[in-house]
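The chain contents come next:
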Amino acid sequence: MQSPVIHRVTTLDLTLRNRPWPFADARRAEIDAHFAAQQRAKPSLWNGRVLLGRDPVFAGGRLSANYFETDFASFLAWRDWGFPDGEIFNGFGMGALLASDGAFVLGEMGQHTANPGRIYFPSGTPDLNDIKQDSVDIAGSVMRELEEETGLSAADCRADADWYCVYTGPALAMVRILRVDMSGEALRHRLEANLARQHDPELVAIHLVRSRADLGAAMPRFVTAFIEAQLAA
């Protein structure tokens, strides 16, 4: 995985163009065995359909890329085996919750998830719910994940116009700042109250980041790179 590069864009042009994935077809038996082992350890894992990207181009304030549909088991194997197909990327949206006092608000994933202990903004690999005609709606995906993970809706925040695309090769995080009119502590308490009401929440803790010193080692590099860029601005 290469060092993160941040591209600031105003437009996402993400086209759905389904075609075979040779990696998934050639290693089907290995992938199924790998997923079965993962599912035995974490029974909540579900082999649904997800969308992965290829052919990213950054030009003129626009990100263009093509997406295709595959199963979660193939995505998980590709990720766990070190991204053997270098033409593919996991391109997902992230809602960077920013409180009125300048604190970024992030969630820690539970041990039953595919990313235990990792600290993220609300996010998720796009799936079939994010398809609009022949395109992938990352803005809609961000708001859907925000509500599922935190209980917040579009009415609770103001989305900036621009996207910060943090590209590492196999990962492409499309980050949009979501501004919330309450302090970091107040927002954390609200999110924690929402988690307490959920039967099986994805998140187990809420974290505030106000400075570089708050950047924990558990944060993925694309999240760290984005926050560092914002703090330096």
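To keep things clear, this report deals only with the structure shown in the data block. (Residues numbered from 1 in each chain as written. Predicted model: local features only at pLDDT ≥ 70, side-chain atom pairs only at ≥ 80, totals over all residues. Heavy atoms only, no water.)

### Some remarks on the environment of S74
Part 1 of the argument: Along the chain, S74 falls in helix α3 (residues 72–80).
Part 2 of the argument: For the pair S74 and V50, spaced 24 residues apart in sequence, the C-alpha to C-alpha distance is 9.5 Å.
Part 3 of the argument: Those residues within four positions of S74 in sequence are excluded, and the remaining contacts are W21, F23, A24, R28 and I31.
Part 4 of the argument: Among the polar contacts made by the side chain of S74, one reaches the side chain of D71 at a distance of 2.5 Å. (Helix = DSSP H or I, 4+ residues; strand = E, 2+ residues; numbered from the N terminus. Contact = heavy atoms within 4.5 Å. Polar contact = N/O pair within 3.5 Å; in protein donor to acceptor, adjacent residues only side chain to side chain.)

### Thoughts on the layout of surface pockets
Part 1 of the argument: As a volume, the largest pocket reaches approximately 1200 Å³.
Part 2 of the argument: Secondary-structure elements contributing two or more residues to the lining of the largest pocket are β3 (49–59), α3, β5 (88–98), β8 (123–124), α4 (138–150) and α6 (221–232).
Part 3 of the argument: Looking at the lining of the largest pocket residue by residue, the classes come out as 19 nonpolar, 10 polar and 11 charged. (1 Å grid on protein atoms, 1.4 Å probe; cavity = no way out; pocket = protein on both sides within 12 Å on 5 of 7 lines; lining within 4 Å. Points joined across faces, edges and corners; volume = space filled by probe spheres on them. Nonpolar A, V, L, I, M, F, W, Y, C, P; charged D, E, K, R; others polar.)

### Observations concerning empty space enclosed by the protein
Part 1 of the argument: Counted according to the given criterion, the structure contains 1 cavity of 30 Å³ or more.
Part 2 of the argument: Considered as a void within the structure, the largest cavity measures approximately 40 Å³ in volume.
Part 3 of the argument: As for the largest cavity, its lining consists of L97, V105, L106, G107, Y120, F121, P122, E149, T150, L191, L203 and I206.
Part 4 of the argument: At the level of elements, β6 (104–109), α4 and β14 (203–209) are the ones that each hand at least two residues to the lining of the largest cavity.
Part 5 of the argument: Looking at which element gives the most residues to the lining of the largest cavity, the answer is β6, with 3 residues.
Part 6 of the argument: Class assignment for the residues of the lining of the largest cavity results in 9 nonpolar, 2 polar and 1 charged.

### Thoughts on the side chain of D130
Part 1 of the argument: As for its position among the elements, D130 is in the loop between β8 and β9 (131–132).
Part 2 of the argument: You can call D130 buried: its relative accessible area is 3%.
Part 3 of the argument: Setting aside chain neighbours within four positions, we find D130 in contact with S135, V136, D137, G140, S141 and R144. (Buried < 20%, exposed > 50% of the residue type's maximum accessible area, 1.4 Å probe, protein only.)

### Observations regarding the pattern of salt bridges
Part 1 of the argument: Applying the stated criterion across every chain, the model contains 18 salt bridges.
Part 2 of the argument: With a shortest N-O distance of 3.9 Å, D55 and R19 are connected by a salt bridge. With D55 in strand β3 and R19 in the loop between β2 (11–16) and α1 (22–26), the pair connects residues that are 36 residues apart, well separated along the chain.
Part 3 of the argument: Relative accessible area serves as the criterion here: at 40%, D55 is assigned to the partly exposed category.
Part 4 of the argument: A salt bridge links R28 to D32, with the shortest nitrogen-to-oxygen separation between them at 3.2 Å. In this pair, R28 and D32 are both assigned in helix α2 (residues 28–41), 4 residues apart and thus about one turn of the helix distant. (Salt bridge = Lys/Arg side-chain N within 4 Å of Asp/Glu carboxyl O.)

### Notes on the pairing of β3
Part 1 of the argument: Here 9 bridges tie β3 to strand β4 (residues 62–71), and the two strands are oriented antiparallel to one another. Bridge pairing in β4 places F58 opposite L63.
Part 2 of the argument: Hairpin remark: β3 followed by β4, antiparallel, with 2 residues in the connecting loop; positive phi at G60, about 60 degrees. (Pairing = 2+ DSSP bridges.)

### Details of α2
Part 1 of the argument: Its 14 residues place the ends of α2 20 Å apart at the C-alpha level, agreeing with the 20 Å of an ideal helix rising 1.5 Å per residue.
Part 2 of the argument: Buried residues of α2: I31, H34 and F35, and no others. Down the axis of α2, the buried side of the element spans an arc of 95 degrees, and every buried residue falls inside it. Opposite the packed face of α2, turned more than 90 degrees from it, sit the exposed residues A29 and R40.
Part 3 of the argument: Where α2 is buried, its residues meet α1 and α3. (Expected span 1.5 Å × (residues − 1). Arc of directions from axis to C-beta.)

As far as function goes, none of this settles anything; it's purely spatial.
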